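Results of the structural survey
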Amino acid sequence: MTVLQAVLEGIIQGATEFLPVSSSGHLSLSQHFLGIQQPSLFFDVMLHLGTLAAVLAVYYKLVWRLLLEFFSMIRDLVTKNLTAKRMSPDRRMLLMLFLSLVPLFLLFLPVPGSGRRLKDFADQWATDGDILVEGFSLIATGLLLSAGIFFSRRDAKIHNKEKRPGSRPYSGRKEYNAGDALSVGLMQCAAALFPGLSRSGSTLSAGLIRGISRKTALDYSFVLGIPSILAAAALEMKDALSAPPSVPAGVILAGIASAALVGFLAILLLRWMVNSGHLAVFAIYTLVLGIVVTVVGFVEHRTGINLVSGAILNFNG
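Residues numbered from 1 in each chain as written. Predicted model: local features only at pLDDT ≥ 70, side-chain atom pairs only at ≥ 80, totals over all residues. Heavy atoms only, no water.

What to know about the overall build of the chain
Here is the rule: Runs of E in the DSSP output that reach at least two residues are strands. Runs of H or I that reach at least four are helices, and both are numbered from the N terminus. Three exposure classes are used, based on accessible area relative to the maximum for each residue type with a 1.4 Å probe and protein chains only: buried under 20%, partly exposed in between, and exposed over 50%. Throughout, a contact is declared for two residues whenever any of their heavy atoms are within 4.5 Å. The Shrake-Rupley method, run with a 1.4 Å probe, gives the accessible areas here. Residue values count only the displayed protein chains as cover. The sign given to each residue is positive for Lys and Arg and negative for Asp and Glu; His and the chain ends receive no count. Note that the charge is assigned to NZ on lysines, CZ on arginines, CG on aspartates and CD on glutamates.
For the chain, the helix and strand inventory stands at 11 helices and two strands. Starting at the N terminus and walking to the C terminus, you meet the elements of the chain as α-α-α-α-β-β-α-α-α-α-α-α-α. Taking the principal axes of the C-alpha coordinates as reference, the chain spans close to 65 × 45 × 45 Å. Expressed as a percentage of its 317 residues, the buried residues of the chain come to 45%. Of the contacts formed within the chain by residues at least 6 apart in sequence, a portion of 78% connects residues at least 24 apart. As displayed, the chain has an accessible area near 16400 Å², and 69% of this comes from carbon and sulfur atoms. Separation between the mean location of the 27 positive side-chain charges and that of the 19 negative ones in the chain comes to 14 Å.

Some words on unusual backbone geometry
The backbone phi angle of Ser22 is positive, close to 80°, even though this residue is not glycine. Tracing the sequence through the fold places Ser22 in the loop between helix H1 (3-18) and helix H2 (23-34). Ser22 sits in the buried class, given a relative accessible area of 3%.

Points about the packing of H2 against helix H11 (residues 280-303)
What counts is decided by this rule: The axes used here are C-alpha line fits, helices contributing only the stretch in contact, and every angle between their N-to-C directions lies in the interval 0 to 180 degrees. Helix crossings get a hand from a simple test, with the near helix turned counterclockwise from the far one by less than a right angle marking a left-handed crossing and a clockwise turn marking a right-handed one. Each residue is assigned to one class: nonpolar for Ala, Val, Leu, Ile, Met, Phe, Trp, Tyr, Cys and Pro, charged for Asp, Glu, Lys and Arg, and polar for all the others, Gly among them.
H11 packs onto H2 with a crossing angle of 35° between their chain directions and a minimal axis gap of 13 Å. For the element pair H2 and H11, the recorded crossing hand is left-handed. Mapping the contact onto sequence places His26, Leu29, His32 and Phe33 in H2 and Tyr285, Leu289, Val293, Val296 and Glu300 in H11. Of the residues in the contact of H2 with H11, the class split is six nonpolar, two polar and one charged.

Focus: the environment of Val262
Tracing the chain through its elements places Val262 in helix H10 (residues 249-275). The spatial distance from the C-alpha of Val262 to the C-alpha of Thr16 is 9.6 Å, given a sequence separation of 246 residues. The residues contacting Val262, other than those within four sequence positions of it, are Ile11, Gly14 and Ala15.

Thoughts on the nonpolar core
Here is the rule we go by: Nine residue types can take part in a nonpolar core, namely buried Ala, Val, Leu, Ile, Met, Phe, Trp, Tyr and Cys, and a core is a set of them joined through side-chain atoms within 4.5 Å.
Among the nonpolar cores identified, the biggest contains 47 residues, and Tyr59, Tyr220, Ile267, Leu270, Leu279 and Phe282 are the most heavily contacted of them. Of all elements in the fold, only helix H3 (41-78), helix H4 (89-101), helix H6 (132-162), helix H7 (178-193), helix H8 (199-209), helix H9 (214-241), H10 and H11 reach the threshold of two or more residues within this core. Ignoring anything within four residues of it in the chain, the contact list for Leu279 reads Pro20, Leu145, Ile149, Leu204, Leu208, Leu270, Met273 and Val274. Ala6, Phe42, Phe43 and Val45 belong to the second-largest nonpolar core, a separate cluster that totals 11 residues.

Structural notes on the packing of aromatic side chains
Convention followed: Ring pairs are drawn from Phe, Tyr and Trp, using the six-membered ring of Trp, whenever the two centres fall within 6.5 Å, and their geometry is named by plane angle: stacked under 30 degrees, edge-to-face over 60, tilted for the rest. For a ring to carry a charge above it, either NZ of a lysine or CZ of an arginine must fall within 6 Å of the ring centroid while also lying within 35 degrees of the normal to the ring plane.
As enumerated under the stated definition, the model contains nine aromatic pairs in all. When the ring of Trp125 is compared with that of Phe194, the centres are 5.3 Å apart and the planes differ by 5°; the resulting orientation is stacked. Here Trp125 is found in helix H5 (residues 118-127), whereas its partner Phe194 is found in the loop between H7 and H8, with 69 residues between them in sequence. Take Phe194: its relative accessible area is 29%, and that puts it in the partly exposed class. Across the ring face of Phe121, the terminal group of Arg116 is positioned such that the distance to the ring centre comes to 4.2 Å.

Shown next, in the form of structure tokens:
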């Protein structure tokens, strides 16, 4: 792998990790049609850490406040001063984030009669020769984003019609409750299961559908992604370190830097597009791409041939 290839990999990772278009779906499609593979598992982990740096660079103030609140909550627990009354907004958000992470444990549940966990099916769908799952999941991403836009606009229209003259326009709720947190967590779990279902897109849409403001829903989605990225990197790190890296250190650093920089810009771009009402661009893109991929997938099922590479496909494993 050259430095240029590493930079391109970092650009793809940084953009698709945060824009609501599904990094897993695009990676799976690139592997299917172009034969593009990550040069090493270690390099893949490093790219994820690059995108993690991007989130921390944008949300470092909020993350720092949440860390301080975490230790404050531990202190209150030890001194038996922990109470649900007079809870600060940061502590409430921290508790809701914990609640949103709970559904991820569903991925490790065994599926009766299969001898496998849910997570094993995610790995299979992301690497097999069948792209129908990716197609349907991309369509689902587009529909979720469309639903989020619809409910956000509907709620704003209803509340603004009833507001008093001179009051600020209604933009949605600013705090999550337990139902909101679990809904977002379940969508994040589904995104981890189905390649093509965007994590940021589905968690953002879940918040919008539940009546959360666009800014709050987006910030919550990105901060929730921090432990998710860390968990994914930790799960892969053990296997990654079992073999020596096949990519030179300088090349790896180039990939990390490009992933971090592009990820940082992608977060700023998405924040601007969401706050300015341009989220529909991603809904249209994922819907169109999903339909195209689904049609191609059905054709490949009938012909048994990869339409781009011409390779013979085996859909039975």
